[in-house]
Amino acid sequence: MNDVAPRADRSSKPRLLILTPDFPPAHGGVQVLVHRLALGLSGFEVEVVTLAGPGDRCFDGEGTLAVRRVGAHLGDGPARRLALNAAGLRAALRFRPDATLSAHVVTSPAAALVRRLFGGCTAQYFYANEILGKPRLAAFAATHADVAIAISAYTASLILATGASSANLRVIPPGVDLPDEPDAIPAERPTVLTVAQLKHRYKGHDVLVRAIARVRALVPDVEWVVIGEGTLRPELEALAASHGLEGCARFLGAVSDEQRNRWLRMADVFAMPSRLAGEGFGIVYLEANAFGKPVVAGNVAGPLDAVVDGVNGLLVDPTDALAVADAVTRLLLDRALARRLGRDGAARASDFAWPLIARRVETALLARFDGSPW
């Protein structure tokens, strides 16, 4: 029941409040997803409530979105999440949203309370790892949302495993930014690229270290370029050194979007053998495809929605370094196969362009309204 009188000053568009702990300029796939949705849901007047972080004032000042930040001095613990939920409630009191999108289960308490106090539609996004880490909260989030959006069939299965109903569940993949300059740039050496934060072991960097050591037997001048930063970096650099990858493995850390795109243009193969459990989709595979690059991915979990074996990449056992090495080597040596997978991958990526995905999310949200005029 709506306990607050409706606004008398409605604009021509319904108002959408997005609550999220993940937002640029912080790096990550979820951050990109939420930002592109905020920009792409043109049928709504959008306001974002998120966490403060390094570089946020410059980022927000250069954009067109209404963004409110909180928790600059609270560290990364529960107090920060509590502050985010409280900020969401305060924003709702002022903004009076017609719809609320909770982009992470940790903001679902605020989203549920906003719905109870102000009515309107509530949508909840799900990825994968957070469901495994917080199954009870994930079940609460799904149960209290008008529409639950899973980014893959695998993610949907994790939601259903919590006991949540499938009645309000929709599978909508992440989108991809199609590059303005997709043409390849010649590299000095055969190049394998991995783009992922170095804080999740399931991404498979450890397996790639062992795989690249095997690849060198047939492609001696191969170079493995790793983009991403995180707490696992010293361990992975040491592991690479122990496998004799000096002069072969390059850990670049976090880079600008321009630098990342340049490496995507130069790379011959993109490889990220994510293991079960954590990877909800793997939009980075389609980002590489958008640049015409073939990919090597794990044959489990979310990547099964992103990569079709033999169409836009090769799927392998992500725990088997030999299988990963064989797939990477095959793509480096069989240039006709690599070109075909890259070409077909680019065509597949176009089906995931952000305007198309944002329209699907917008349709799912608008379908939950009662049809009353704005």
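Please refer to the structure placed before this passage.
Parameters at a glance
- Residues numbered from 1 in each chain as written.
- Predicted model: local features only at pLDDT ≥ 70, side-chain atom pairs only at ≥ 80, totals over all residues.
- Heavy atoms only, no water.
- Pairing = 2+ DSSP bridges.
- Helix = DSSP H or I, 4+ residues; strand = E, 2+ residues; numbered from the N terminus.
- Axes fitted to C-alpha atoms, helices over the stretch in contact; angles between N-to-C directions.
- Buried < 20%, exposed > 50% of the residue type's maximum accessible area, 1.4 Å probe, protein only.
- Contact = heavy atoms within 4.5 Å.
- Salt bridge = Lys/Arg side-chain N within 4 Å of Asp/Glu carboxyl O.
- Arc of directions from axis to C-beta.
- Core = buried A, V, L, I, M, F, W, Y, C linked by side-chain atoms within 4.5 Å.
- Parallel < 35°, antiparallel > 145°, perpendicular 65-115°, else oblique.
- Left-handed = near helix turned anticlockwise from the far one by under 90°.
- Nonpolar A, V, L, I, M, F, W, Y, C, P; charged D, E, K, R; others polar.
- Right-handed = clockwise from strand over helix to strand, strands pointing away.
- Phe/Tyr/Trp six-rings, centres within 6.5 Å; stacked < 30°, edge-to-face > 60°.

Another point: the sheet that holds strand S12 (residues 295–298). As summarised here, the arrangement of the six strands in space is S10-S9-S8-S11-S12-S13, forming an open sheet in which the pairing is parallel. Sheet topology places strand S10 (249–253) and strand S13 (313–316) at the edges, where each strand pairs with a single neighbour. The sheet shows a mean angle of 25 degrees between the axes of neighbouring strands, taken without regard to direction. Where strand S9 (residues 223–227) and S10 come together, four bridges link them in parallel fashion. For Ile-227, the partnering residue across the bridge sits in S10 and is Gly-253.

Moving on, we come to the environment of Val-46. Considering the arrangement of structural elements, one finds Val-46 in strand S2 (residues 45–51). Residue Val-46 is classed as buried on the basis of its relative accessible area of 13%. Sequence-wise, Val-46 and Leu-16 are 30 residues apart; in three dimensions their C-alpha atoms are separated by 4.9 Å. When near neighbours in sequence (up to four residues on either side) are disregarded, Val-46 contacts Leu-16, Ile-18, Ala-38, Leu-41, Ala-66 and Phe-95.

Next up on the list: the pattern of salt bridges. A complete count under the given rule lists 18 salt bridges for this structure. Glu-181 is paired through a salt bridge with Arg-265; the nearest N and O atoms lie 3.9 Å apart. Of the two residues, Glu-181 sits in the loop between strand S7 (169–171) and strand S8 (191–195) while Arg-265 sits in helix H10 (residues 257–266), which places them 84 residues apart along the sequence. Note on Arg-265: relative accessible area 18%, which makes it buried. Three or more residues are tied together by salt bridges with common partners; here these are Glu-47, Arg-68 and Arg-94.

Turning next to helix H6 (residues 135–143). For H6, every residue scored as buried is listed here: Ala-138, Ala-139, Ala-141 and Ala-142. One face of H6 carries all of its buried residues, which in axial projection span an arc of 160 degrees. Seen from the buried face of H6, the exposed residues on the opposite side, beyond 90 degrees, are Arg-136 and Thr-143.

One recurring pattern in soluble globular proteins is that nonpolar side chains are buried together. In this structure, Leu-16, Tyr-125, Leu-193, Phe-270 and Leu-365 are the most contacted members of the largest nonpolar core, which totals 58 residues. Val-209, Ala-271, Ala-321 and Ala-327 belong to the second largest nonpolar core, which has 34 residues in total.

Contact geometry for helix H4 (residues 108–118) and H6: axes closest at 9 Å, N-to-C directions at 25 degrees. Considering the angle they form, H4 stands roughly parallel to H6. In this structure, H4 meets H6 at a crossing whose hand is left-handed. Counted together, Ser-108, Pro-109 and Ala-112 of H4 and Leu-137, Phe-140 and Ala-141 of H6 form the full contact between these two elements. Looking at the contact of H4 with H6, its residues break down into five nonpolar, one polar and no charged.

On to the pairing of S9, then. With five of five residues buried, S9 lies mostly within the body of the structure. Because side chains alternate across S9, one face comprises the buried residues Glu-223, Val-225 and Ile-227, and the other comprises Trp-224 and Val-226, equally buried. Pairing analysis gives five bridges linking S8 to S9, with the strands arranged parallel. By the bridge assignment, Val-195 is partnered in S9 with Ile-227. Handedness of the crossover is the feature at issue here: the chain leaves S8, passes through helix H8 (residues 205–215), returns alongside S9, and the resulting connection is right-handed. In this region the chain leaves S9, passes through helix H9 (residues 233–242) and returns to the parallel neighbour S10; the handedness of that crossover is right-handed.

Our next topic: the packing of helix H3 (residues 78–95) against H4. Taken N-terminus to C-terminus, the directions of H3 and H4 make an angle of 25 degrees; their axes are 9 Å apart at the nearest point. The angle between H3 and H4 places the two elements in the roughly parallel class. The element H3 and its partner H4 pack so that their crossing is right-handed. Residues Asn-85, Gly-88, Leu-89, Ala-92 and Leu-93 of H3 pack against Pro-109, Ala-110, Leu-113, Val-114 and Phe-118 of H4. Residue classes in the contact of H3 with H4 are distributed as eight nonpolar, two polar and no charged.

All right, on to the packing of aromatic side chains then. This model, assessed by the stated rule, comprises five aromatic pairs. On the basis of an interplanar angle of 90 degrees and a centroid distance of 6.1 Å, the ring pair of Phe-270 and Tyr-285 is categorised as edge-to-face. One end of the pair, Phe-270, is in strand S11 (residues 269–272); the other, Tyr-285, is in helix H11 (residues 283–290), with 15 residues separating them in the sequence. Accessibility classification places Phe-270 together with Tyr-285 in one group, the buried group.

Let us now look at H4. Within the span of H4, buried status applies to Ser-108, Ala-110, Ala-111, Ala-112, Val-114 and Phe-118. Looking at the buried side of H4, the elements it contacts are strand S1 (15–19), H3, strand S4 (99–102), strand S5 (121–126) and H6. Immediately beyond the C-terminal end of H4, within one or two residues, lies Gly-119, with a positive phi of roughly 75 degrees.

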